[in-house]
Amino acid sequence: MKFQFENITQLFVMDGHGVFVWTAVLVSLVVMLWLIVKPLADSRAALKDVSGDITRAALTRGDA
Amino acid sequence: MNRLLNWSPSWQWFHRLGSPRWFYQASGRWLPWLSLLALTLLLTGLVWGLGFAPQDAKQGNSFRIIYLHVPVSFLALAGYYIMAIAGAIGLIWKMKLSYMVMKAAAPVGAALTFLALFTGAVWGKPTWGTYWVWDARVTSMLILLFLYLGILALQYAFHSNEAGNKASAILALVGTANIPIIYKSVDWWYTLHQPATIKLTSAPSMHPDMFAPLLVMIVGFYCFYTVALLLFTRAEILRRERKSVWVRELALGGPAL
Amino acid sequence: MHPLRKQRLQLVILIVVAASVVVGLVAYMLGQNANYFYTPSQIAAGEAPGGVHIRAGGMVVAGSVKRAPDSLDVQFTVTDGTSLLVIKHSGILPDLFDEGEAAIAAGTVDDNLVLQATEVLAKHDEKYTPPEVADAMNQAYERKQKQNQEQYAQ
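Worth saying up front: this structure is predicted, and the values here are computed from it rather than measured. (Residues numbered from 1 in each chain as written. Chains lettered and ligands numbered in written order. Predicted model: local features only at pLDDT ≥ 70, side-chain atom pairs only at ≥ 80, totals over all residues. Heavy atoms only, no water.)

J.: For this particular structure, what's the right way to read the overall build of chain C?
T.: Summing up its helical and strand segments, chain C has 3 helices and 6 strands in all. Reading chain C from its N end, one meets helices and strands in the order α-α-β-β-β-β-β-β-α. Against the 2.2 N^0.38 benchmark of 15 Å for 154 residues, chain C shows a C-alpha radius of gyration of 24 Å, more extended than a compact globule. With respect to the principal axes defined by its C-alpha atoms, chain C has extents near 80 × 45 × 30 Å. By residue count, 37% of the 154 residues in chain C fall in the buried class. (Helix = DSSP H or I, 4+ residues; strand = E, 2+ residues; numbered from the N terminus. Rg over C-alpha atoms; globule rule 2.2 N^0.38 Å. Buried < 20%, exposed > 50% of the residue type's maximum accessible area, 1.4 Å probe, protein only.)

This is the structure:
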């Protein structure tokens with residue numbers, strides 16, 4: 001197995017096909033990152049909501 | 001047969017799996033390992049495929065898009081079956097968790113279908129000479145995206161309630177008819193898209209040096225899909241179970257789960 | 001299984017089967033209309049409507065590509081193994097367009113059964129080969145052909 005390009009620049013140029021290949025890679029990575037970050041952010045928000053509700057309920061009862 | 005299918009202790013695992021709390025705790029234990037595996041496989045496959053696999057004799061380097069296009073397309077199709085099966089289990093057993101998995105599968109599937117179409121488009125330009133064609137394969141794949149978006153819209157419109165869950169599950173089941181059509185479209189009709197390279201019934205029409213990194217990417221994407229599906233399901237569990245004691249304890253940083 | 005669940009399972013199976021049958025029937029009725037292009041045989045048999053924008057595809061016949069020296073005009077012949085179709089086009093051809101490879105052209109078929117194309121696309125196959133392997137395969141193929149010719153000459 002050997003590295004197919006003479007240098008890193010060639011890896012990005014890919015004989016003129018680099019713009020297509022790297023666009024595909026970049027867009028895929030962004031979408032995949034969203035698939036991880038979105039549910040994590042949703043979970044955090046949901047837990048924060050619940051703890052907020054509990055604190056508010058405690059405050060109105062006046063035992064906080 | 002009927003006797004076998006009757007309620008018995010052997011069905012307990014199935015109902016335990018149906019408990020959102022149990023699922024949240026168990027998936028929390030699986031996630032670190034699965035994520036690590038997915039990351040390792042995807043990084044290995046991507047570096048191997050983009051930098052070390054030989055280029056194609058005819059297509060040159062543009063063929064390297066295959067290392068994303070084929071795995072995301074595989075999961076876009078497989079993910080639809082997962083969504084439909086989850087919907088079916090929800091309909092039959094009225095399992096809450098199953099509907100949550102169905103809902104979670106929709107955004108993941110939609111994102112992967114979009115990626116399949118997008119990577120296909122940027123591959124089409126340098127090879128076919130166009131970004132988009134209305135051939136049977138590309139069009140049936142676009143219908144898959146609309147099916148996923150339809151499920152998302154139903155869940156949103158009905159606020160994921162019982163009626164919304166049922167409607168979504170039925171739409172998901174009806175849409176399964178599209179999957180074999182996508183798969184066989186390149187054989188049934190004259191399409192611009194080429195027939196399948198990887199088939200269950202025969203050796204891949206691809207040099208082993210090119211196929212090895214593709215296989216790594218496919219396995220990597222299966223792991224990634226599982227991670228994304230689990231994360232979306234967990235978010236949905238927290239949202240729907242927010243009134244339950246264990247979620248309230250979790251929110252207050254209570255007993256570690 | 002609980003009778004109620006069994007009933008629901010049957011309903012689910014019914015939905016899937018019914019949907020598959022309906023979608024399958026629609027796909028079957030679409031039949032030829034769902035084809036992205038016509039083959040040279042279909043055009044020779046007069047199956048493709050004349051004067052209407054259609055697509056035709058086939059293998060580009062080796063040695064058939066003629067380019068005009070002073071313009072982008074190009075003419076080539078495609079075949080599906082039985083019939084031939086002459087395609088005329090004015091414009092840039094895709095990188096993968098080559099003799100012995102498949103191509104699809106969009107345009108109208110004139111009275112002489114020549115496709116006046118407004119767009120030419122290259123169709124590639126499902127095989128992927130490294131350049132060195134492809135070269136080795138071509139060389140082996142040429143050697144074999146040469147051997148056959150020599151045998152034939154003797």
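J.: Honestly, the environment of W188(B) in this entry has me stumped. Any pointers?
T.: All names here are of chain B. Mapped onto the elements of the fold, W188 is located in helix α8 (residues 178-188). A residue is classified by how much of its surface remains accessible, and W188, at 48% relative accessible area, is partly exposed. Separated by 52 residues in the primary sequence, W188 and A136 have C-alpha atoms spaced 9.0 Å apart.

J.: What is the right way to look at the packing of aromatic side chains in this model?
T.: What characterises a pair of aromatic rings is the spacing of the ring centres plus the angle enclosed by the ring planes. Inspection of every chain in the model, using the stated rule, returns 17 aromatic pairs over all chains. Taken together, a centroid distance of 6.4 Å and an interplanar angle of 90° make the contact between F23(B) and W30(B) edge-to-face. Overall, the relative accessible area of 38% leaves W30(B) in the partly exposed class. With a centroid separation of 5.6 Å and 35° between ring planes, the pair formed by F63(B) and Y128(C) is classed as tilted. On the criterion of chain membership, the pair formed by F63(B) in the loop between α3 (20-52) and α4 (66-93) and Y128(C) in the loop between β6 (114-123) and α3 (131-153) is interchain, its members lying in two chains. Just as F63(B) is buried, Y128(C) falls in that class too. Clustering of aromatic rings is evident, with ring pairs tying together F63(B), Y67(B), W123(B) and Y128(C). Over the aromatic face of Y24(B) sits the side chain of R234(B), whose NZ or CZ is 4.0 Å from the ring centroid. (Phe/Tyr/Trp six-rings, centres within 6.5 Å; stacked < 30°, edge-to-face > 60°. Lys NZ or Arg CZ within 6 Å of the ring centre and 35° of its normal.)

J.: Teacher, can you tell me more about the packing of α4(B) against helix α9 (residues 208-240) of chain B here?
T.: Each pair of packed helices can be summarised by the angle the axes make with each other and by the distance between the axes. Residues and elements named next belong to chain B. Where α4 contacts α9, the axes come no closer than 9 Å and their chain directions differ by 40°. Relative to α9, α4 is oriented oblique. Both α4 and α9 take part in a crossing whose hand is right-handed. In this structure, α4 contributes I66, Y67, L68, V70, P71, V72, F74, L75, A78, G79 and I82 to the contact, and α9 contributes M210, P213, L214, M217, I218, F221, Y222, Y225 and L229. Considering only residue class, the contact of α4 with α9 consists of 19 nonpolar, 1 polar and no charged. (Axes fitted to C-alpha atoms, helices over the stretch in contact; angles between N-to-C directions. Parallel < 35°, antiparallel > 145°, perpendicular 65-115°, else oblique. Left-handed = near helix turned anticlockwise from the far one by under 90°. Contact = heavy atoms within 4.5 Å. Nonpolar A, V, L, I, M, F, W, Y, C, P; charged D, E, K, R; others polar.)

J.: Please explain the packing of helix α2 (residues 18-61) of chain A against helix α5 (residues 96-127) of chain B as it appears in this structure.
T.: Two numbers describe how α2(A) lies on α5(B): the axes approach to 9 Å, and their chain directions differ by 175°. The angle between α2(A) and α5(B) places the two elements in the roughly antiparallel class. The residues of α5(B) that touch α2(A), namely those facing F20(A), T23(A), A24(A), V27(A), S28(A), V31(A), M32(A) and L35(A), are P107(B), V108(B), A111(B), F114(B), L115(B), F118(B), T119(B), V122(B), K125(B) and P126(B). Taken together, the residues of the contact of α2(A) with α5(B) sort by class into 14 nonpolar, 3 polar and 1 charged.

J.: I would appreciate a short explanation of the environment of S185(B) in the present structure.
T.: Residues and elements named next belong to chain B. On the secondary structure map, S185 appears in helix α8. For S185, a relative accessible area of 0% puts it in the buried group. Each C-alpha atom of the pair S185 and Y81 lies 18 Å from the other, and the pair is 104 residues apart in sequence. In this view, S185 contacts A136, R137, S140 and T191; residues no more than four positions away in its chain are not counted. A polar contact is formed between the side chain of S185 and the backbone oxygen of I182, at a distance of 2.7 Å. (Polar contact = N/O pair within 3.5 Å; in protein donor to acceptor, adjacent residues only side chain to side chain.)

J.: I would appreciate a short explanation of the domain arrangement of chain C in the present structure.
T.: Bring the parts together and some accessible area is lost; that lost area is often taken as the interface size. Segmenting chain C into domains produces domain 1 (1-34) and domain 2 (36-153). Centre-to-centre, using C-alpha coordinates, domain 1 of chain C lies 41 Å away from domain 2 of chain C. (Domains from an automatic or database assignment.)

J.: Help me out: how do you make sense of the interface of chain B and chain A in this one?
T.: Listed per partner, the contact involves 42 residues of chain B and 32 residues of chain A. Of the roughly 3,200 Å² buried at the junction of chain B and chain A (both faces included), carbon and sulfur atoms supply 83%. When the area that chain B buries against chain A is broken down by residue, the three leading residues are L50(B), F52(B) and N61(B), summing to 17%. Where chain B packs against chain A, one counts 0 salt bridges. Along the contact surface separating chain B from chain A lie 4 residue pairs in polar contact (both at pLDDT 80 or more). Mapped by element, the contributors of at least two residues to the side of chain B that touches chain A are α3, α5, α9 and α10 (245-251) of chain B. Grouping the amino acids of the side of chain B that touches chain A by side-chain chemistry returns 30 nonpolar, 6 polar and 6 charged. (Buried area = accessible area lost by both parts, 1.4 Å probe. Salt bridge = Lys/Arg side-chain N within 4 Å of Asp/Glu carboxyl O.)

J.: I would appreciate a short explanation of the interface of chain B and chain C in the present structure.
T.: Listed by partner, the interface residues are 45 residues for chain B and 39 residues for chain C. Carbon and sulfur atoms supply 64% of the area buried between chain B and chain C, which totals about 3,800 Å² over both sides. When residues of chain B are sorted by the area they lose upon contact with chain C, I92(B), W189(B) and Y190(B) head the list and together hold 19% of the total. Taken together, the connections running from chain B to chain C amount to 2 salt bridges. Counting every contact that joins chain B to chain C gives 14 residue pairs in polar contact (both at pLDDT 80 or more). For the side of chain B that touches chain C, the leading source of residues is α4(B), giving 5 residues. Among the residues making up the side of chain B that touches chain C, the classes are represented as 27 nonpolar, 14 polar and 4 charged.

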